Amino acid sequence: SVVSRDVEITVIAKGRNLRTGLPQSFEITSREIYDTVYDTAIQICNSVRKVMERTDPDIVADIMESGIYLTGGGSLINGMSSFMSEFIGTKVIMAPDPLHSASKGMAVAAKNPKLLKNIDYQLRSIKELVIE
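Residues numbered from 1 in each chain as written. Predicted model: local features only at pLDDT ≥ 70, side-chain atom pairs only at ≥ 80, totals over all residues. Heavy atoms only, no water.

K.L.:
Explanation requested: the overall build of the chain in the structure shown.
P.N.:
From N to C terminus, the chain includes 5 helices and 4 strands. Relative to its 132 residues, the chain shows a buried fraction of 19%. Long-range contacts, defined as pairs at least 24 residues apart, comprise 47% of the intrachain contacts of the chain with a sequence gap of at least 6. (Helix = DSSP H or I, 4+ residues; strand = E, 2+ residues; numbered from the N terminus. Buried < 20%, exposed > 50% of the residue type's maximum accessible area, 1.4 Å probe, protein only. Contact = heavy atoms within 4.5 Å.)

And the structure:
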């Protein structure tokens, strides 16, 4: 499969035992991680595919030619870009600094609200977001 590794890797992980609340070390394999993230990776790819099905054909043509940029921590999962590329049928490029790309994009949008004029989103103040 695309996301799993050819060579099994085992690491010692540390975390809190949810039953006891105490710190604990345990061994976890790359196969266990693969089994855990596989269904989520499929859901993400299906979501991308659904968005593309509802997107203007001219824009989809540009996406298929230029590729999709993958951002966020999930993009760092071994093989995620090749998995999505095979699933969607276009190249998938990992964004530079994927962990911070969304917050950097929001900072650009906050400085230039006119960039958001053609999409269905509007910046709000913290006071508007408070639920009473």
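So, next bit.
K.L.:
It is not clear to me how the nonpolar core should be interpreted in this structure. Could you clarify?
P.N.:
Here is a general trend for soluble globular proteins: nonpolar side chains tend to be buried in one another's company. Ranked by size, the top nonpolar core spans 11 residues in total: Ala41, Cys45, Met52, Val60, Ile68, Leu70, Met80, Phe83, Met84, Ile88 and Val92. Only α1 (30-53), β3 (68-70) and α3 (80-88) provide two or more residues apiece to this core. No other element matches the 4 residues that α3 contributes to this core. The residues contacting Leu70, other than those within four sequence positions of it, are Ser75, Met80, Ser81, Met84, Val92, Ile93, Met94, Ala95 and Pro98. (Core = buried A, V, L, I, M, F, W, Y, C linked by side-chain atoms within 4.5 Å.)

K.L.:
Before we go on, may I ask you to explain a negative patch on the surface in this structure?
P.N.:
Residues Asp56, Asp58, Asp62 and Glu65 make up a contiguous surface patch of negative charge. Note on placement: Asp62 falls in helix α2 (residues 57-66). (Patch = residues over 30% accessible without salt bridge, like charges linked within 9 Å, V, L, I, M, F, W, Y side chains within 5 Å. Areas by Shrake-Rupley, 256 points an atom, 1.4 Å probe, with all protein chains shown as cover. Salt bridge = Lys/Arg side-chain N within 4 Å of Asp/Glu carboxyl O. Lys, Arg positive; Asp, Glu negative; His and termini not counted. Charge placed at Lys NZ, Arg CZ, Asp CG, Glu CD.)

K.L.:
Help me understand the packing of aromatic side chains, please; the structure alone is not making it clear to me.
P.N.:
This model, assessed by the stated rule, comprises 3 aromatic pairs. Relative to Tyr38, the ring of Tyr34 has its centre 5.5 Å away and its plane inclined at 50°; by these criteria the two rings are tilted. Taken together, the residues span about one helical turn, with Tyr34 and Tyr38 both in helix α1 at a distance of 4 residues. The exposure class of Tyr34 is buried, given its relative accessible area of 9%. The exposure class assigned to Tyr38 is partly exposed, which follows from its relative accessible area of 31%. Through pairs of rings, three or more aromatic residues link up here, namely Tyr34, Tyr38, Phe83 and Phe87. (Phe/Tyr/Trp six-rings, centres within 6.5 Å; stacked < 30°, edge-to-face > 60°.)

K.L.:
How should the pattern of salt bridges be read in this particular structure?
P.N.:
A side chain with one charge may pair with a side chain of the opposite charge, provided their charged atoms come close. This model, assessed by the stated rule, comprises 2 salt bridges. With its nearest N and O atoms 3.2 Å apart, the salt bridge here joins Asp35 to Arg31. Taken as a pair, Asp35 and Arg31 lie in helix α1 at a separation of 4 residues, close to a single helical turn. Arg31 gets classed as partly exposed once you look at its relative accessible area, which sits at 40%. Of the charged contacts in the structure, one is a salt bridge between Asp97 and Lys104, with a shortest N-O distance of 2.8 Å. On the basis of relative accessibility, which here comes to 33%, the residue Asp97 falls in the partly exposed class. Note on Lys104: relative accessible area 48%, which makes it partly exposed.

None of the figures reported here should be taken as evidence of function without further support.
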